[in-house]
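Fold and geometry: a report
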Amino acid sequence: MCFVPQVMARVLAAVVVALMCLSGAQAMRSQWRRAGDVHGDSTMRVTVGVALPEGAYDMLVGSCKSVSEPTSASYAQYLSRDQVAEMTASDKNVALVQDWLASAGVSDVTVSPTRDSLVAVMSVAQGEALFGVSMSLYNHVDVPRLRLVRSATEPTAVPSAVAEAIEVLVGVSDFPSVNRDLVAKHKKQTAKVARAKAAFAKAAPAATGTIQPPSTPTVGLMYVSDTQATLMTLFACGDSVSSTTVPCAGTDYPVESLEAEVYVNGKLMESALSVPLSAVSAEIQPTPSANNTVYNVAIPYPVSEFQYVNVSIRAVNSAGKSEFATLPWKNQYGMNNSLHGMLATPYVTPELLTKFYGLGDMPSIPNGLSQAVAEFGEQWYSPVDLATFYKRFELPVSQVTVVGNNDGPQSGGEATLDIQYITGVAPGVDTTFWSVTPGAAAPDQAFLFEWASQVNAASNPPLLTSISYGLGEVQYVQSGFGPTYISRTNVEFLKLCSRGSGILVAAGDAGASNDGHGSNTCSVMPDFPSSSPWVTTVSASFISNAAPARPGQNAGEVAVSIPNGVFWTTGGGFSSEPSCEQPWYQQDAVATYLSRGDGTFPPNSMFNSTLRAYPDVSAIGHNLMCEWAGTLVSIDGTSASSPIFAGILTRLNAARLNAGKNQLGFANPLLYSLAASNPSVFYDITIGDNKCAGFTCCEYGYACEKGFDAVSGLGSVGDFALLEKLVVSMA
């Protein structure tokens, strides 16, 4: 695919969209810096999820199964919000919490329509008295506009009877991990080596008149299209980091040109390829979190589709040459970097996806068809960028409704990717941008439980929602959310299942370890909500000629991973959370997967094969073209895969509604059933594993196999025409 020349320089500036993966309570709280005291008259916002009546959970599971299992007589006969409330209403516990709040003078309390949670806005003085804490104002260290009013210590004054009635308490001592603006992730990767040498706050020194040999650059990422390789690079100027348009201009360490060492398919093609400064563009970070300049270095070497490319560069000036800078691989488990490198693959657009997956024309849009994306951490989208995206790729305009807040000029790559690709795959559909923010009452940040509670409170929720956010399961407790946050959030997901509102979730971008992006950690750590039994979890694939070609195509799909030629690895594994039990709909598929003698698994002590296995399905997650901040850029991540598969399900919902039937709702039971009875509806991804994370490859993980596996799930969409026919034929 060809783009106009003035776009190309920024097109190749890759952006990694990844689920946040930080380890330990210290890492969670270290994201937030105390900014000062808060006045007692200031407000704080507390969300409470109360314990459900006895037997309510089992009733919800039964209800979800009855409406989502295709063999059920009640298939697709969804419940209303009030019918769900009949199972979940916990009036006694709600009243107990309300009375306790009222005893401190708190009157601004909103009870959910399902009568099992509430939101209370109170003064800081009231909150400190109620919970026995001292509240302070915190700012996020990388995104200072994000603020929290929180206590550094756990509540100590909640009466035991009230504490027993509460399952989730958010807004007092939890410090949520934020899906940082995407360029901050670049900063984290590209800056690692440079941080060890110098503080980024230090400006490059002025020239003294004596030219010194250039310092060795730091390469953070290499991105390869089907025509060219580009390195994302930091340039050091002695003991400082360059921030000028021309690297190290005006210092004693000027960069006058570059040289590149180029390997193609493991063979050295160029040992000192001249790279002029005209090939270097300074990337001005479009977020407030950036404090350094990243340079995109376009390598003037012709690349062909499906070649493996590896490039190192060094700086050159009149005083000498630096050492070659390479990608920060850690290949202690045998990855042959000189052979593999990055695979040259085509840019992916909505048109390519439609042809590659054989989706055909978008069905006519029936009344009631809807879809949504959920956003957290003040990730916003630009309506201007979205309109340009539609125009550039000749797409019908989707009506986007914002729930919560949106600040277009402060758009983030995550939200941009989500909204553009769910509407790019399912164009013209009414789409909700559900921005989960607490409102203006108090500085705060909200997350999954609050989102699910908000959607459950709606009388007419979206037919499906794509979520590109999550944490390692153990990190919910470490973040201060409490030991029952996951199980109570699963309750909210079950309610949505019963109401016919599906949830799709990105599987994560750091392999089975879920702790990548430069980390050395190699433990297996499942991610939530990816591991929830009540969501459809989507892994990432990419186009490769190493896999069997799809019909009408010259290539197929393999799992995204470093050994296969991408700079990150898709997530997957088995839950370690007892409330994430292995659901009925996948038990046969998982049993077959585990029974294979050629299966690759971690030691039994590292994972629980009796709990939920994920992902469920896959979709392309590499080289997605997005319009962001007025520029066409390429974005990666399972955060692309989830909205793409969501758009595919929206197309199936359109076909069902046009046939006078209800939407799919929670799709997993049907998808697993169809995979068993009609395997051609899926393209089986059999190449790849998820042992690697960011730039670290580990000893243990999971491997792709024939049929279901904990890397690609059931695979990607196969024969879409047959899939659509079978889905419409269901009751």
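What counts, and where the lines are drawn
- Residues numbered from 1 in each chain as written.
- Predicted model: local features only at pLDDT ≥ 70, side-chain atom pairs only at ≥ 80, totals over all residues.
- Heavy atoms only, no water.
- Core = buried A, V, L, I, M, F, W, Y, C linked by side-chain atoms within 4.5 Å.
- Buried < 20%, exposed > 50% of the residue type's maximum accessible area, 1.4 Å probe, protein only.
- Contact = heavy atoms within 4.5 Å.
- Disulfide = S-S within 2.5 Å.
- Helix = DSSP H or I, 4+ residues; strand = E, 2+ residues; numbered from the N terminus.
- Polar contact = N/O pair within 3.5 Å; in protein donor to acceptor, adjacent residues only side chain to side chain.
- Axes fitted to C-alpha atoms, helices over the stretch in contact; angles between N-to-C directions.
- Parallel < 35°, antiparallel > 145°, perpendicular 65-115°, else oblique.
- Left-handed = near helix turned anticlockwise from the far one by under 90°.
- Pairing = 2+ DSSP bridges.
- Phe/Tyr/Trp six-rings, centres within 6.5 Å; stacked < 30°, edge-to-face > 60°.
- Salt bridge = Lys/Arg side-chain N within 4 Å of Asp/Glu carboxyl O.

**Thoughts on the nonpolar core**
Ile299, Val311, Trp451 and Phe645 are the most contacted members of the largest nonpolar core, which totals 166 residues. Setting aside residues no more than four positions away along its own chain, Trp451 makes contact with Ala374, Phe376, Trp434, Val436, Thr465, Ile467, Phe493, Leu496 and Ile503. Residues Val50, Leu118, Phe131 and Val172 belong to the second largest nonpolar core, which totals 24 residues.

**Comments concerning the state of the cysteines**
Tallied over the full model, the rule gives 2 disulfides. Two residues share a disulfide in this structure: Cys64 and Cys497, whose sulfurs sit 2.0 Å from each other. Given an S-S torsion of about 85°, the disulfide between Cys64 and Cys497 has right-handed geometry. Separated by 433 residues along the polypeptide, Cys64 in helix α3 (residues 56-68) and Cys497 in helix α16 (residues 485-498) bring together distant segments of the chain. In terms of burial, Cys64 and Cys497 fall into one category: buried. Note that Cys237 is cross-linked by a disulfide to Cys248, the S-S spacing being 2.1 Å. On the sign convention where negative is left-handed, the bridge of Cys237 and Cys248, at about -90° about the S-S bond, is left-handed. With Cys237 in strand β11 (residues 236-237) and Cys248 in the loop between β12 (240-241) and β13 (257-264), the pair connects residues that are 11 residues apart, well separated along the chain.

**Considering the side chain of Ser539**
In this fold, Ser539 is placed in strand β27 (residues 536-544). For Ser539, a relative accessible area of 1% gives the class buried. In terms of polar contacts, Ser539 uses its side chain to reach the side chain of Thr570, at 2.7 Å. Contact partners of Ser539, with chain neighbours within four places excluded, come to Ala507, Thr570, Gly571, Pro615, Val617, Ser618, Ala619, Thr638, Ser641, Val711 and Ser712.

**Comments concerning the packing of helix α13 (residues 413-425) against helix α18 (residues 638-658)**
Taken N-terminus to C-terminus, the directions of α13 and α18 make an angle of 25°; their axes are 8 Å apart at the nearest point. Between α13 and α18, the interaxial angle falls into the category roughly parallel. Where α13 crosses over α18, the two elements pack in a sense that is right-handed. Residues Glu414, Leu417, Asp418, Tyr421, Ile422 and Val425 of α13 lie in contact with α18, whose contacting residues are Ser639, Ala640, Pro643, Ile644, Ala646, Gly647, Ile648 and Arg651.

**Things to note about the pairing of strand β10 (residues 229-234)**
For β10, a buried count of 6 out of 6 residues is recorded, marking the element as mostly surrounded by other parts of the structure. Side chains Ala229, Leu231 and Thr233 project from β10 onto one buried face, and the interleaved Thr230, Met232 and Leu234 project onto a second face that is buried too. Pairing between strand β9 (residues 218-224) and β10: 6 bridges, direction antiparallel. Bridge pairing in β10 places Val224 opposite Ala229. Between the antiparallel neighbours β9 and β10 lie 4 residues. In terms of strand pairing, β10 meets strand β16 (residues 294-298) through 4 bridges, oriented antiparallel. In the strand pairing of β16, Thr230 is matched with Ala298.

**Let's talk about the sheet that holds strand β8 (residues 166-170)**
Strand order in this open sheet of 4 strands is β4-β5-β3-β8, and the pairing throughout is antiparallel. Looking at which strands have only one partner, the edges of the open sheet turn out to be β4 (108-111) and β8. Along the sheet, successive strands turn relative to each other by an average axial angle of 20°, direction set aside. The pairing of β4 with strand β5 (residues 117-123) spans 4 bridges and is antiparallel. Within the sheet, the bridge partner assigned to Asp108 lies in β5 and is Val121.

**Observations concerning the sheet that holds strand β6 (residues 135-140)**
Reading across the sheet, the 3 strands line up as β2-β6-β7 and stay open at both edges, with antiparallel pairing between neighbours. Both edges of this open sheet fall to β2 (32-37) and β7 (147-151), since each of them pairs with a single strand only. Across the sheet, the mean angle separating the axes of adjacent strands is 40° when strand polarity is ignored. Sheet topology places β2 next to β6; 5 bridges connect them, and they run antiparallel. Counted as the bridge partner of Trp32 is His140 from β6.

**Here we look at the packing of aromatic side chains**
Taken as a whole and judged by the stated rule, the model has 32 aromatic pairs. Their ring planes at 65° and their centres at 6.4 Å tell us that Trp534 and Phe666 sit as a pair that is edge-to-face. Residue Trp534 is found in the loop between β26 (527-528) and β27, and its partner Phe666 is found in the loop between α18 and α19 (668-677); the two are separated by 132 residues along the sequence. Note on Trp534: relative accessible area 3%, which makes it buried. Each residue in the set Trp534, Phe574, Trp584, Tyr585, Tyr593, Phe601, Phe607, Phe666, Tyr672, Tyr702 and Phe708 is aromatic and connected to the rest through ring pairs, giving one cluster.

**Notes on the pattern of salt bridges**
Throughout the structure, instances matching the rule amount to 14 salt bridges. Here Glu167 makes a salt bridge to Arg488, at a shortest N to O gap of 3.4 Å. Residue Glu167 is located in strand β8, and its partner Arg488 is located in helix α16; the two are separated by 321 residues in the primary sequence. Across the salt bridge formed by Glu351 and Lys355, the nearest N and O atoms sit 3.2 Å from each other. With Glu351 and Lys355 both in helix α11 (residues 350-356), this residue pair falls 4 residues apart, about one helical turn. Here Glu351 falls in the partly exposed class, since its relative accessible area comes to 47%. Its relative accessible area of 55% is what places Lys355 among the exposed residues.

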